[in-house]
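Read off the chains here:
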Amino acid sequence: MKPIQMVDLTTQYLRMQAEIDEAVLHVLRSGQYINGKAVDLFADSLAQYTGSPYVIPCANGTDALQIALMSLDLRPADEVIVPAFNYIAAAEAIALLGLTPVLVDVHPQTFTIDVQKIEESISSNTKAIIPVHLFGQTADMETLMRIVQKYHLTVIEDNAQSIGASYLFSDGSRKQAGTIGNIGTLSFFPTKNLGGYGDGGAMLTNNESIAKKLKKLASHGQSEKYKHEFIGCNSRLDTIQAAILQVKLSYLDEFIAARKKVADTYTNEFKWIDWLETPAIANYSTHVFHQYTIQVKDGKRDDLQQYLQSKNIPSMVYYPMPLQNQPAFRNKIRTGSALSVTEKLCRSVLSLPMHTELDDEQMTYIIDTIKQY
Ligand SMILES: *Cc1c(COP(=O)(O)O)cnc(C)c1O
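Each value, and the rule that gives it
- Every chain's residues receive numbers from 1 upward, in the order its sequence appears when written.
- With pLDDT at 70 or above as the cut-off, local features in this predicted model cover only qualifying residues; side-chain atom pairs require 80 or more to be listed or tallied, and sums for whole chains, interfaces and linings still use all residues.
- Side-chain measures were taken over the full set of non-hydrogen atoms in the model, leaving aside hydrogen atoms and water.
- Secondary structure elements are defined from DSSP: runs of H or I of at least 4 residues count as helices, runs of E of at least 2 residues count as strands, and each element is numbered from the N terminus.
- Note on contacts: a residue pair qualifies if any of its non-hydrogen atoms lie within 4.5 Å across the two residues.
- By convention in these notes, a residue is near a molecule or strand provided one of its non-hydrogen atoms lies within 4 Å of it.
- Pairs of N or O atoms are called polar contacts if they sit within 3.5 Å, as long as, within protein, a hydrogen donor faces a hydrogen acceptor (for residues adjacent in sequence, only side-chain-to-side-chain pairs).
- All accessible areas in this document rest on Shrake-Rupley with a 1.4 Å probe, and a residue is counted as covered only by the protein chains that are shown.
- A 1.4 Å probe that fits but cannot get out identifies a cavity on a 1 Å grid over protein atoms alone, an open set with protein on both sides within 12 Å along at least five of seven lines counts as a pocket, and a residue lines either if it has an atom within 4 Å of a point.
- For a molecule to be placed in a cavity or pocket, more than half of its atoms must lie within 2 Å of the grid points of that cavity or pocket.
- Pairing between strands is defined by DSSP: at least two bridges between the two strands are required.
- To define axes, lines are fitted to C-alpha atoms, for helices over the stretch in contact only, and angles between the resulting N-to-C directions are given on a 0 to 180 degree scale.

A.B. asks: Help me out: how do you make sense of the environment of Ala43 in this one?
C.D. replies: Tracing the sequence through the fold places Ala43 in helix H3 (residues 37-50). Residues Ala43 and Gln176, spaced 133 residues apart in sequence, show a C-alpha to C-alpha distance of 16 Å. Aside from chain neighbours lying at most four places away, what touches Ala43 is Val55 and Pro57.

Have a look at this one:
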């Protein structure tokens, strides 16, 4: 049996090698390493895929969040709501700009922001909210949009993990994750569902003037060459990465289907096990399974992880520490709601191997080993 990995980028690359190598060589021969043609082409393709009229590529998903926040012209003491059970990027970008992250608890089954706890977290300083579409499905955006309309908040969707997921509105219409709020952000970090072979990111918006501003901010605030309208930053998607992502975007639906197949197999086998809880799929969102994350009951999570490791099955804890406990955020955050679900999840979640290259033999081994625990 091939050794089991959390993600297997090499085997995936080998399946597309001819196309990827050709795309990279094309860039190398063109000499257009910065802002080459492939960057615009990829932005256009991504606009088509997501249904977002404007796509602004940038250097990584954290920059995308930072630039999106910069475009809002917020002032010190302004607050931005984020889920407490999350990767650090969104809260970090908020704090870096001198704003205050307001932490809100997440829903115990879907792991996304608990929309029932948003209103109690809003103060007169609250200006924006960053729902995070965690692990592959969206937050409850319809409820969230109703709340933000009432309080006039801006919505930045952190869609680093859920490109391709689609949200189902109660009127039956659908929108892709990242295209529902004012701005959506994407990461093309190699392990993401659409990953490059290096860093990359993008911002999505359906508003032309926001799009123009984001584009300027990502390019030193330039409105024309050597004329700087804003203090911006330097955040570009490499031409080589754009060329690679162009190839990989054509496989994205196939990748998502492969992940879903793994998830369905896991869930069918694990739903009978009483000491774990399989990931819930919200009725308002499709799930693209960036992670397959179980909850382990009875305080057995670390023990299970060690057992799996002894059987050469890797697993990861996303995320081990609630944001409110991070030393970097001491005196820099406000707690918007009780955060007991986040604390519990940090002790009980475990993400299992999830990628597009898991074969039947590996799946059977993982499933049998977990059943024997
Ligand atoms: C990966 C990730 C980011 C950051 O993306 P980078 O490209 O690594 O900067 C932001 N938010 C979430 C939820 C992520 O998973």
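A.B. asks: What is the right way to read the site of the ligand from this model?
C.D. replies: In the vicinity of the ligand lie 14 residues, with Gly61, Thr62, Asp158, Ser187 and Lys192 positioned nearest. Measuring from a nitrogen atom of the ligand, one finds a side-chain N or O atom of Asp158 at 2.7 Å. One nitrogen or oxygen atom from the side chain of Gln161 is found 2.8 Å from an oxygen atom belonging to the ligand. Taken by itself the ligand offers 380 Å² of open surface, and the protein chains cover 92% of this. A molecule is said to occupy a pocket when more than half its atoms come within 2 Å of that pocket's grid points, and by this definition the ligand occupies the second largest pocket.

A.B. asks: Would you take a moment to explain the sheet that holds strand S8 (residues 183-187) for this structure?
C.D. replies: Strand-to-strand pairing in sheets goes through backbone hydrogen bonds, with the strands running parallel or antiparallel. One open sheet holds the 8 strands; their spatial order is S1-S9-S8-S5-S4-S2-S3-S14, and the pairing between them is mixed. Each having just a single partner strand, strand S1 (54-58) and strand S14 (334-335) make up the two edges of the open sheet. With 3 bridges connecting them, strand S5 (residues 154-158) and S8 associate as parallel partners. Note that in S8 the partner of Asp158 across the bridge is Thr185. Across the sheet, helix H4 (residues 61-70) touches S1, strand S2 (79-83), S5, S8 and strand S9 (201-205), and the angle it forms with S8 is around 160 degrees. Relative to S5, helix H6 (residues 141-151) is tilted by about 155 degrees, and along the sheet it contacts strand S4 (126-129) and S5.

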